[in-house]
Amino acid sequence: MTALITRDELAAAIETDSVTVVDTLGGAYYAQQHLPGALELVPAEVDARAAALLPDRDAAIVTYCSNPACPNSGQVADRLTALGYTDVRKYREGIQDWVEAGLPTETA
C-alpha cells in the first residue's frame, strides 16, 4: 500500500518545491483546477508517459484524485511504484479537501 501524505505536509513540500505533484483525474478536471504545479497523469497513461513525464525515479512524487472515494491516485501510485519509482505517496483526501481548506489551485 502506498504511503500517505497529509495536506499540511503536501502544502509545505509544494512551498519548498521538494515534490512532484501528479493529478490523476486528468482531462476537463485537470483543466478546471489542479494543485499548484501538478502534472497530469491518468491511470491508463502511466506506462506510456511516466518515463518522459517523471524522469527521476528517486524524486518525491505525490499523487492525488478528487477525494478518498476516487481510486485513480492509488492506481497511479501503485503503478509508478511497480515501474521502479522509490518515493511515491498519495494525498488521499484529494483536491476536494485542498479547496475546502482554502488553498490555491491553478487552471490549465
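Predicted model, so just to flag it, every value in this text is computed and none were measured.

Colleague: Which residues make up the side chain of H34, and what values do they have?
Modeller: By secondary structure assignment, the location of H34 is in the loop between α2 (27-32) and β3 (39-40). Engagement of the side chain of H34 in a polar contact is seen with the backbone oxygen of Y30, the distance being 2.7 Å. When residues no more than four places from it in sequence are discounted, the contact partners of H34 are D23, Y64, I95, T105, E106, T107 and A108.

Colleague: I'd like to hear about the state of the cysteines, residue by residue, with values.
Modeller: Per the counting criterion, the structure on display carries 1 disulfide. Each sulfur of the disulfide joining C65 and C70 lies 1.7 Å from the other. No difference in accessibility class separates C65 from C70, as the two residues are buried.

Colleague: Break down the sheet that holds strand β4 (residues 61-64) for me, with residues and values.
Modeller: The strand order β1-β5-β4-β2-β3 describes an open sheet built from 5 strands, whose pairing is parallel. Here the strands that pair on one side only, and so sit at the sheet edges, are β1 (3-4) and β3. The pairing of β4 with strand β5 (residues 88-91) spans 4 bridges and is classified as parallel. Considered in β5, the bridge of V62 is made with R89. Here helix α4 (residues 72-82) sits on the sheet in contact with β2 (20-23), β4 and β5, set at roughly 150° to β4.

What counts and how
- Residues numbered from 1 in each chain as written.
- Predicted model: local features only at pLDDT ≥ 70, side-chain atom pairs only at ≥ 80, totals over all residues.
- Heavy atoms only, no water.
- Helix = DSSP H or I, 4+ residues; strand = E, 2+ residues; numbered from the N terminus.
- Polar contact = N/O pair within 3.5 Å; in protein donor to acceptor, adjacent residues only side chain to side chain.
- Contact = heavy atoms within 4.5 Å.
- Disulfide = S-S within 2.5 Å.
- Buried < 20%, exposed > 50% of the residue type's maximum accessible area, 1.4 Å probe, protein only.
- Pairing = 2+ DSSP bridges.
- Axes fitted to C-alpha atoms, helices over the stretch in contact; angles between N-to-C directions.

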